[in-house]
Amino acid sequence: MRIEAQQLARRFGAFVALDGVSLSVGEGELVALLGPSGSGKTTLLRLVAGLDFPDSGQILFDGADATAVPIQKRQVGFVFQNYALFRHMSVGQNVAFGLEVNRKKFQMTGRQIRERVSELLRLVQLPGFENRRPHQLSGGQRQRVALARALAIEPRILLLDEPFGALDAKVRKELRAWVRGLQQKLKITTIFVTHDQEEALELSDRVVVMNHARIEQIGTPAEVYDYPATPFVWEFLRGTTSRELAT
Amino acid sequence: MERIIPVSHPTIRDPWPIRAVLVGVAIAFSVLFLLVPLFAVFYEAFQKGVFAYLSAIQKPAAQSAIQLTLLVASIAVPANLIFGLAAAWAIAKFQFPGKSLLISLIDLPFAVSPVTSGLVFVLLFGARGWFGPLLSAWNIKIIFAVPGIVLATVFVTFPFVARELIPLLQSQGSDEEQAALSLGANGWSTFWRITVPKARWGILYGVILCNARAMGEFGAVSVVSGHIRGLTNTIPLHVEVLYNDYDYVGAFAVASLLTLLALVTLVIKGLLTWRMQERAF
Ligand SMILES: Nc1ncnc2c1ncn2[C@@H]1O[C@H](COP(=O)(O)OP(=O)(O)OP(=O)(O)O)[C@@H](O)[C@H]1O
Ligand SMILES: [Mg+2]
């Protein structure tokens, strides 16, 4: 699905978190939102998801206005920064949740749901983990359960908020190559947030560089790296301090 | 390289005489003010034997007091459970005008003396109260009747569930709720499938304390009840009546029921505290 954001603005009291942000994401594209802490990445992602609503501006899904559509109707898969797994449920129940609460829509029997859950767990390489509890999993495994849970509702778009932020460097590298592979296999339009420039450049089709509630530049990894549009982009992508800023 | 000092060991060690005195004082106080009264209740209750104890409890007035207490608790506890859930949810999840006022208001019953609480209801619903004429015109009796006792108990036990749940829900945040919404759940099923199960031990904890107070409340209930034997006496009121009649075995036998309730409450409370710590990660 195509996503268009037009002149999105969001204020919290007097604080401007998004200041006229426009962006379009093509069918099946993987776009990275890159920027320093507090630049408005999560805010933008939440507006696209329908977890929050803009003060002004529009969001279009496949050309149709979705600005006022509530999150339940948007069919987006959202993976939270801290995964937000349901801690009182097993892994299987977590993944099944979206199918259980939408039984009317999905028309699935209990058995079909169980089959779908084990299929999804195989997809995220956690076969047979149905009866584990979230607290019995490692960070990387929790992340994949969150992904399986989001994919269960057959989302039209996938939104990932710092999906690898809480993982150590090694797991992070493995997992992001794997997520990229999965995204290409499923051909699902995806936006992910990161403040790691290497991650953004390696993983995405296009990078959106944000700073102070605005977009500084949008382009392919090669474009933003070789032809930075502003001093900030240059500094953030190559500056000696940027690596420390990012972590 | 800096050496890491394990923090689990106390770094300050008091000399043993000080420790001995502090521990001794703490134990002496606990024995004097907690264990001795506990023992005394059961000692007095069984002073004339098990048979006297059982017959004191089986007297009609005692039985009706027990029934009334159970009735009142079975209304007050669910009412405050529903209120506490709703209030805690609203306070933890939403911003709205008057929120801090609501938080302070929830604490009001803890801040006000129970006698005052009772008097407020007399002032409102008593024969000469604000709504007195209206109520007597419709032939509804609240004060010196069961409805007044229920009202006073609900008021006094109002904060328990809400107080327990507000910080719990606040600390748990709303990420899981948002995840549920993003998976297509509506607000109602998010509340029942996510918020309530997540807070279930806290809810139970609040209910247990609420129940203990609902069954044990004396002051406010005493004001509105009118002490009509067999009709408007709850267990605590009945204990006082028996005591004033010099029926010590009866008084302590009935009081021992409340004491048992307290012990059971403490055990469950301990288990729940342990359970909640286990689950917090
Ligand atoms: N609900 C809110 N109320 C008030 N201010 C908010 C709220 N949400 C976000 N903000 C502010 O908006 C700004 C942008 O926040 P946002 O979460 O979008 O940043 P971010 O780019 O995702 O940062 P990070 O990399 O640290 O996650 C921050 O300064 C934040 O304090
Ligand atoms: Mg963020």
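Just so you know, these numbers come straight off a predicted model, no measurement behind them.

Some thoughts on the site of ligand 1
Residue and element names in this part refer to chain A.
Then, number 1: Contacts to ligand 1 come from 13 residues, most closely from Ser37, Gly38, Lys41, Thr42 and Thr43.
Then, number 2: In this structure, histidine 195 approaches ligand 1 through a side-chain N or O atom, which is 3.3 Å from an oxygen atom.
Then, number 3: When the free accessible area of ligand 1 is taken as 630 Å², the share hidden by the protein chains comes to 61%.
Then, number 4: Elements with a contribution of two residues or more to the shell around ligand 1: β2 (15-25) and α1 (41-49).
Then, number 5: Among the elements that line the shell around ligand 1, the one with the most residues is α1, at 3 residues.
Then, number 6: Grouping the constituent residues of the shell around ligand 1 by class yields 4 nonpolar, 7 polar and 2 charged.

Description of the interface of chain A and chain B
Then, number 1: Across the contact, 23 residues belong to chain A and 20 residues belong to chain B.
Then, number 2: Note on chain A versus chain B: buried area summed over both sides is about 2,000 Å², and carbon and sulfur give 60% of it.
Then, number 3: It is Gln72, Arg87 and His88 of chain A in chain A that bury the most area against chain B; as a group they hold 33% of the surface buried on that side.
Then, number 4: The partner of arginine 87 of chain A in a salt bridge is glutamate 176 of chain B, and the shortest N-O contact between them spans 2.7 Å.
Then, number 5: Taken together, the connections running from chain A to chain B amount to 6 residue pairs in polar contact (both at pLDDT 80 or more).
Then, number 6: Broken down by secondary-structure element, the contributors of at least two residues to the side of chain A that touches chain B are α2 (71-74), β6 (76-79), α3 (91-101) and α6 (139-152) of chain A.
Then, number 7: Per-element tally for the side of chain A that touches chain B: the top contributor is α3 of chain A, with 4 residues.
Then, number 8: Across the side of chain A that touches chain B, the residue classes tally to 13 nonpolar, 6 polar and 4 charged.

Here we look at the pattern of salt bridges
All names here are of chain A.
Then, number 1: According to the stated counting rule, one finds 20 salt bridges over all chains in the structure shown.
Then, number 2: Across the salt bridge formed by arginine 176 and glutamate 202, the nearest N and O atoms sit 3.0 Å from each other. Placement of the pair is arginine 176 in helix α7 (residues 169-186) and glutamate 202 in helix α8 (residues 197-203), with a sequence separation of 26 residues.
Then, number 3: Note on glutamate 202: relative accessible area 52%, which makes it exposed.
Then, number 4: One salt-bridge network, held together by shared partners, links Arg172, Lys173, Arg176, Asp196, Glu198, Glu199 and Glu202.

How each quantity is defined
Starting from 1, residues in each chain are numbered consecutively following that chain's sequence as written. For naming, the first written chain is A and the first written ligand is 1, with later ones following in the order written. Residues qualify for local features only when their pLDDT is at least 70, as the model is predicted, and side-chain atom pairs are given and counted only at 80 or more; totals for whole chains, interfaces and linings, by contrast, use all residues. Based on all heavy atoms of the structure, the side-chain values leave hydrogens and waters out of the count. Here a residue counts as near a molecule or strand whenever at least one of its heavy atoms sits within 4 Å of it. Here a polar contact is recorded for every N or O atom pair within 3.5 Å, except that within protein the pair must consist of a potential hydrogen donor and a potential acceptor, and residues adjacent in sequence are included only if both atoms are side-chain atoms. Areas reported as accessible are Shrake-Rupley estimates using a 1.4 Å probe. Residue values count occlusion only from the protein chains shown. Numbering of helices and strands runs from the N terminus, with a helix taken as a DSSP run of H or I at least four residues long and a strand as a DSSP run of E at least two residues long. In this count, Pro and Cys sit with the nonpolar residues alongside Ala, Val, Leu, Ile, Met, Phe, Trp and Tyr, while Asp, Glu, Lys and Arg are called charged and the others, Gly among them, polar. In this analysis, two residues are considered to be in contact whenever any of their non-hydrogen atoms come within 4.5 Å of each other. Two parts placed together each lose some accessible area; with a 1.4 Å probe, that loss summed over both constitutes the buried area. For this document, the term salt bridge refers to a Lys or Arg side-chain nitrogen within 4 Å of an Asp or Glu carboxyl oxygen. Only protein chains enter the area calculation, which uses a 1.4 Å probe; residues under 20% of their type maximum are buried, those over 50% are exposed, and those in between are partly exposed.

As far as function goes, none of this settles anything; it's purely spatial.
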